[in-house]
Amino acid sequence: MEQSRAAARLQIVLGHLGRPSAGAVVVHPTTGTISSASFHPQQFQYTLDNNVLTLEQRKFYEENGFLVIKNLVPDADIQRFRNEFEKICRKEVKPLGLVVMRDVTISKSEYAPSEKMTTKVQDFQEDKELFRYCTLPEILKYVECFTGPNIMAMHTMLINKPPDSGKKTSRHPLHQDLHYFPFRPSNLIVCAWTAMEHIDRNNGCLVVLPGTHKGSLKPHDYPKWEGGVNKMFHGIQDYEENNARVHLVMEKGDTVFFHPLLIHGSGQNKTQGFRKAISCHFASADCHYIDVKGTSQENIEKEVVGIANKFYGAENSTDLKDIWMFRARLVKGERTNL
């Protein structure tokens with residue numbers, strides 16, 4: 001029964017992505033069989049009334065938890081983001097609060113400031129050039145369809161997925177982003193993730209499990225991978241392996257918007273080049289913080305707070321809410337709760 005539902009959902013995904021109104025996104029089903037299905041929503045739960053999304057796009061996000069918008073971010077902006085990233089890698093600019101990460105296979109003795117040693121920069125809210133991404137009208141126009149008019153930029157990343165060393169550490173395990181977030185409700189949170197170049201299965205495109213945003217937040221922890229796992233790359237411990245999967249092949253400027261409960265990940269980069277994408281998690285300013293102690297998120301809170309205390313020299317009283325309040329920036333409308 002579950003497998004047939006997954007196959008039906010995959011048919012909807014493939015049908016939608018093949019239509020001209022959605023853009024010709026190339027997807028590759030890896031599990032399940034294809035069958036026909038129709039969608040009749042009783043009510044809209046994951047999108048807000050707006051004049052941006054077509055009815056078809058809105059229904060698609062409601063059913064699947066993600067939506068790809070083709071050619072959304074201009075080439076000129078992407079080049080500017082790339083230039084700024086390279087300056088950060090060379091340590092020509094050092095924005096306050098920026099976290100620079102490298103692959104677990106790169107030892108400290110090998111490290112030298114360069115693009116080849118940097119696999120991700122996150123929390124770039126104090127870098128005016130990179131943070132421009134979070135204020136682009138093209139992006140916010142769509143974000144508002146999920147968050148409403150009062151929009152906070154909560155978490156920023158530029159991912160520079162490296163060529164895999166052979167240990168498969170360039171993979172990102174299947175996970176739900178809500179695992180990292182101490183704020184709710186989840187339906188007023190959305191990620192915008194933009195390809196900075198052609199991205200496919202060879203260089204580690206996103207893989208999504210359509211419809212999984214309708215479930216609950218699952219327990220996460222480090223996967224038991226032989227080659228090692230990168231810092232804070234938690235994965236779901238008990239997902240349904242029969243779920244249909246869709247690999248998102250994207251061109252430069254294409255942007256996928258997805259729900260924080262959508263199960264997703266990315267494969268290893270089998271090429272010799274670096275695969276770049278820039279992203280921001282947005283939330284309605286009307287969201288509220290929660291205490292994650294005693295929940296499945298307690299493990300990530302301990303890890304994030306420990307790293308923050310070490311990085312910023314903060315007191316041990318720091319909690320996950322403090323860290324997210326430091327990151328959060330109003331990008332549109334009025335600041336209310338967050």
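Residues numbered from 1 in each chain as written. Predicted model: local features only at pLDDT ≥ 70, side-chain atom pairs only at ≥ 80, totals over all residues. Heavy atoms only, no water.

**Student:** Tell me about the overall build of the protein, residues and numbers included.
**Tutor:** Counting its secondary structure elements, the protein contains 7 helices and 17 strands. The proportion of buried residues among the 338 residues of the protein is 55%. Considering only residue pairs separated by 6 or more positions, the protein has 82% of its internal contacts joining residues 24 or more positions apart. Counting every atom, the protein has about 15000 Å² of accessible surface; 49% of that belongs to carbon and sulfur. (Helix = DSSP H or I, 4+ residues; strand = E, 2+ residues; numbered from the N terminus. Buried < 20%, exposed > 50% of the residue type's maximum accessible area, 1.4 Å probe, protein only. Contact = heavy atoms within 4.5 Å. Areas by Shrake-Rupley, 256 points an atom, 1.4 Å probe, with all protein chains shown as cover.)

**Student:** Run through the nonpolar core, naming residues and quoting values.
**Tutor:** Core analysis: the largest hydrophobic core is formed by 56 residues, its most contacted members being Tyr-133, Ile-139, Trp-193, Phe-257 and Phe-282. Broken down by element, the residue count for this core peaks at 6 residues, all from helix α5 (residues 137-147). Setting aside chain neighbours within four positions, we find Tyr-133 in contact with Val-73, Phe-81, Ile-139, Ala-192, Trp-193, Thr-194, Thr-255, Ile-278, Ser-279 and Cys-280. Within the second largest apolar cluster, 23 residues are counted, among which are Ile-189, Ile-300, Ile-323 and Leu-338. (Core = buried A, V, L, I, M, F, W, Y, C linked by side-chain atoms within 4.5 Å.)

**Student:** Residue-level account of the environment of Glu-301, with values.
**Tutor:** Inspection of the secondary structure assignment puts Glu-301 in helix α6 (residues 298-312). Sequence spacing of Glu-301 and Asp-319 is 18 residues, and the spatial spacing of their C-alpha atoms is 7.3 Å. Once you skip the residues sitting within four places of it in the chain, Glu-301 turns out to touch Val-292, Lys-293, Asp-319 and Leu-320.

**Student:** Talk me through the state of the cysteines; I want residue IDs and the actual numbers.
**Tutor:** Under the counting rule described, the total for this entry stands at 0 disulfides. Cys-280 provides the cysteine sulfur closest to Cys-191, a residue in no disulfide bond, and the two sulfurs are 7.6 Å apart. (Disulfide = S-S within 2.5 Å.)

**Student:** Would you mind going over the pairing of strand β2 (residues 66-69) in detail, with residue names and values included?
**Tutor:** Neither face of β2 is exposed, since Phe-66 and Val-68 on one face and Leu-67 and Ile-69 on the opposite face are all buried. Bridge count for β2 against strand β13 (residues 255-258) is 4 bridges, and the pairing is antiparallel. Bridged to Ile-69 within β13 is Thr-255. (Pairing = 2+ DSSP bridges.)

**Student:** Would you mind going over the packing of aromatic side chains in detail, with residue names and values included?
**Tutor:** Following the criterion strictly, the structure yields 9 aromatic pairs and no others. With a centroid separation of 5.3 Å and an interplanar angle of 80°, the aromatic rings of Phe-60 and Phe-66 are classed as edge-to-face. In this structure, Phe-60 and Phe-66 share a single accessibility class: buried. Residues Phe-183 and Tyr-289 carry aromatic rings whose centres are separated by 6.2 Å and whose planes lie at 85° to one another, so their mutual orientation is edge-to-face. Pair noted here: Phe-183 is in strand β7 (residues 183-184) and Tyr-289 is in strand β16 (residues 288-289), with a separation of 106 residues, a long-range link. Judged by relative accessible area, Phe-183 falls into the buried class, the value being 0%. Three or more aromatic residues link up through ring pairs in this structure, and these residues are Tyr-61, Tyr-142, Phe-146 and Phe-257. Here the guanidinium or amino end of Arg-327 rests over the ring plane of Trp-324, the centre of that ring lying 4.4 Å away. (Phe/Tyr/Trp six-rings, centres within 6.5 Å; stacked < 30°, edge-to-face > 60°. Lys NZ or Arg CZ within 6 Å of the ring centre and 35° of its normal.)

**Student:** How would you summarise the environment of Gly-211 if you had to cite specific residues and measurements?
**Tutor:** Inspection of the secondary structure puts Gly-211 in the loop between β9 (206-208) and β10 (220-221). Residues Gly-211 and Glu-63 lie 148 residues apart in sequence; the distance between their C-alpha atoms is 5.8 Å.

**Student:** Just give me the short version of the pattern of salt bridges, but keep the residues and values in it.
**Tutor:** Tallied over the entire structure, the rule returns 12 salt bridges. Lys-332 is the salt-bridge partner of Glu-144, the closest N and O atoms lying 2.6 Å from each other. With a gap of 188 residues between them, Glu-144 in helix α5 and Lys-332 in strand β17 (residues 329-332) connect regions that are remote in the sequence. By relative accessible area, Glu-144 is classed as partly exposed at 25%. Residue Glu-301 is joined to Lys-293 by a salt bridge in which the shortest nitrogen-to-oxygen separation is 3.6 Å. Residue classification places Lys-293 among the partly exposed positions, given a relative accessible area of 48%. (Salt bridge = Lys/Arg side-chain N within 4 Å of Asp/Glu carboxyl O.)

**Student:** For the confidence of the model for the protein, give the residues involved together with the corresponding values.
**Tutor:** Considering every residue of the protein, the mean pLDDT works out to 83; 78% of them sit at 70 or more. With pLDDT under 50 throughout, residues 1-37 is counted as low confidence; its partners more than four residues away or in other chains account for 75 contacts. (pLDDT = per-residue confidence, 0-100.)

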